[in-house]
Amino acid sequence: MFIFAHRGVSGHFPENTLKAVQAALDCDADGIEIDVYAVDGELVVIHDRELNRTTNGTGELEDYSLPQLQQLDAGQGEKIPTLWQVLKLVQNRCVLNIELKGHNTAELLVKLLHKARGELGTDWSTLLISSFHHPLLQQIRTLAPELAIGALTASIPLDYCAFAAELGAVSVNCDRAFIDERMVKDAKERGLKVFVYTVNNEREAIRLQQLGVDGIFSNFPHEAKSWFD
Ligand code: G3P
Ligand code: MG
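These numbers come from a predicted model, not from an experiment. (Residues numbered from 1 in each chain as written. Chains lettered and ligands numbered in written order. Predicted model: local features only at pLDDT ≥ 70, side-chain atom pairs only at ≥ 80, totals over all residues. Heavy atoms only, no water.)

(A) Seen up close, the overall build of the chain. Within the chain, the regular secondary structure consists of nine helices and nine strands. Against the globule reference of 17 Å for 229 residues, the chain gives a C-alpha radius of gyration of 17 Å, in line with a compact fold. Projecting the C-alpha coordinates of the chain onto the three principal axes gives extents of approximately 45 × 40 × 35 Å. Within the chain, buried positions represent 54% of all 229 residues. Sequence separation of at least 24 residues holds for 55% of the intrachain contacts in the chain that already meet a minimum separation of 6. Summed over its atoms, the accessible surface of the chain is roughly 10,400 Å², and 48% of this surface lies on carbon and sulfur atoms. (Helix = DSSP H or I, 4+ residues; strand = E, 2+ residues; numbered from the N terminus. Rg over C-alpha atoms; globule rule 2.2 N^0.38 Å. Buried < 20%, exposed > 50% of the residue type's maximum accessible area, 1.4 Å probe, protein only. Contact = heavy atoms within 4.5 Å. Areas by Shrake-Rupley, 256 points an atom, 1.4 Å probe, with all protein chains shown as cover.)

Given below as structure tokens:
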């Protein structure tokens, strides 16, 4: 079972911070998932459009400039990191799943990844780009066909994984609420891997393994590894 640290090791550290990413590297997670928005032409790593849940800021992300955002406390003295900082920290040591959250992120991402390949030696084969916004993924496919795509869905579409196949994705990334045998079978028939979010208990993890799921996103990647020992 492939284990992604969901928002880093977010069960023990402030989510989507460098501390949570470092903890994922320290526990040898197979992959790390982070969420990104575009702010002032930079990609910043944060999950919500509102600042109050994960930082000491208030109001909407879009009302802040990058320098203002970087002054906020994202928990335990951590700052909201940029994607660049995360790429530099991870340095190809595991799979990095970058989830595009906001508008105008696709072009910016591809531009940044070209720069990262040149300046940081980022190996694109370690990256998985995902989003619930499927036209954004289509844009990625056009701009950079070599980037692997994970097609996210919180639902079970009428034609199951057809949307993911159409996007040329390598995986379908599904919510644990609805994932079932039929969805997994359809994914397998289309040659897609199945990754499921967010799985924080052993019983569910084992059920998913029995269903034939390939990987899970967990806030507790270290504990998750032990469930499959
Ligand atoms: O990518 C898996 C999962 O992170 C998707 O949902 O809301 O936690 O970003 P969310
Ligand atoms: Mg996410």
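Read on for the rest.
(B) Region of the structure containing helix H4 (residues 106-119). With 14 residues, H4 should cover 20 Å at 1.5 Å per step; its first-to-last C-alpha distance of 20 Å lies within 8% of that length. Two residues or fewer after H4 comes Gly 121, characterised by a positive phi angle close to 75°. (Expected span 1.5 Å × (residues − 1).)

(C) The site of ligand 1, seen in detail. Neighbouring ligand 1 are His 6, Arg 7, Glu 33, Asp 35, His 47, Glu 99, Lys 101, Phe 132, Leu 152 and Tyr 197. Taking His 6, its side chain carries an N or O atom lying 2.8 Å from an oxygen atom of ligand 1. In this structure, Lys 101 approaches ligand 1 through a side-chain N or O atom, which is 2.8 Å from an oxygen atom. Within the complex, the protein chains bury 90% of what would otherwise be the 290 Å² of accessible surface of ligand 1. Its residues assigned to classes, the shell around ligand 1 shows three nonpolar, two polar and five charged. (Near = heavy atom within 4 Å. Polar contact = N/O pair within 3.5 Å; in protein donor to acceptor, adjacent residues only side chain to side chain. Nonpolar A, V, L, I, M, F, W, Y, C, P; charged D, E, K, R; others polar.)

(D) View of the environment of Asp 214. Note on placement: Asp 214 falls in the loop between helix H8 (202-211) and strand E9 (215-218). With relative accessibility at 22%, the residue Asp 214 sits in the partly exposed group. Between the alpha carbons of Asp 214 and Ala 187 there is a distance of 11 Å; along the sequence they are 27 residues apart. Sequence-distant contacts of Asp 214, defined by excluding residues within four places in its chain, comprise Met 1, Phe 2, Lys 188, Leu 192, Lys 193, Val 194 and Phe 195. Within the structure, the side chain of Asp 214 is placed 2.7 Å from the backbone nitrogen of Val 194, a separation counted as a polar contact.

(E) Spatial organisation of the coordination of the magnesium ion (ligand 2). The coordination sphere of the magnesium ion (ligand 2) contains the protein donors Glu 33 (OE), Asp 35 (OD) and Glu 99 (OE), at a distance range of 2.0 to 2.1 Å. Donor residues for the magnesium ion (ligand 2) sit on one chain with the sequence pattern E-x1-D-x63-E. Here Glu 99 lies in strand E4 (residues 95-100) and Asp 35 lies in strand E2 (residues 31-39), a separation of 64 residues in the sequence. We note that Asp 35, like Glu 99, is buried. (Donors = N, O, S within 2.8 Å, 3.2 Å for Na, K, Ca; no water.)

(F) Structural view of the pattern of salt bridges. Throughout the structure, instances matching the rule amount to 11 salt bridges. Note that Arg 7 is salt-bridged to Asp 35, the shortest N-O span being 4.0 Å. Remark: Asp 35 occurs in strand E2 and Arg 7 occurs in the loop between strand E1 (2-6) and helix H1 (18-26); sequence separation between them is 28 residues. The exposure class of Asp 35 is buried, given its relative accessible area of 1%. For Glu 204, the salt bridge is made with Arg 207, and the minimal N-O distance between the two is 3.4 Å. Note that Glu 204 and Arg 207 are positioned in helix H8 at a spacing of three residues, about one turn of the helix. Judged by relative accessible area, Glu 204 falls into the buried class, the value being 13%. Through salt bridges with shared partners, a single network forms among Arg 7, Glu 15, Asp 35, Asp 48 and Arg 53. (Salt bridge = Lys/Arg side-chain N within 4 Å of Asp/Glu carboxyl O.)

(G) View of the packing of helix H3 (residues 83-90) against H4. In the contact formed by H3 and H4, the axes pass within 11 Å of each other and the chain directions differ by 35°. As H3 packs across H4, the resulting crossing turns out to be right-handed. On the side of H3, the interface is formed by Leu 83, Trp 84 and Leu 87, while H4 contributes Leu 109, Leu 112, Leu 113, Lys 115, Ala 116 and Glu 119. In terms of residue class, the contact of H3 with H4 is made up of seven nonpolar, no polar and two charged. (Axes fitted to C-alpha atoms, helices over the stretch in contact; angles between N-to-C directions. Left-handed = near helix turned anticlockwise from the far one by under 90°.)

(H) Structural context of the pairing of strand E7 (residues 171-175). Taking burial as the measure, the five residues of E7 include four buried ones, the bulk of the element. Across four bridges, strand E6 (residues 148-153) lies against E7 in parallel orientation. Its bridge partner being in E7, Leu 152 is matched across the sheet by Asn 173. Pairing of E7 with strand E8 (residues 193-197), which is carried by five bridges, proceeds in the parallel orientation. In the strand pairing of E8, Cys 174 is matched with Val 196. On the question of chirality, the crossover connecting E7 to the parallel E8 by way of helix H7 (residues 181-189) is right-handed. (Pairing = 2+ DSSP bridges. Right-handed = clockwise from strand over helix to strand, strands pointing away.)

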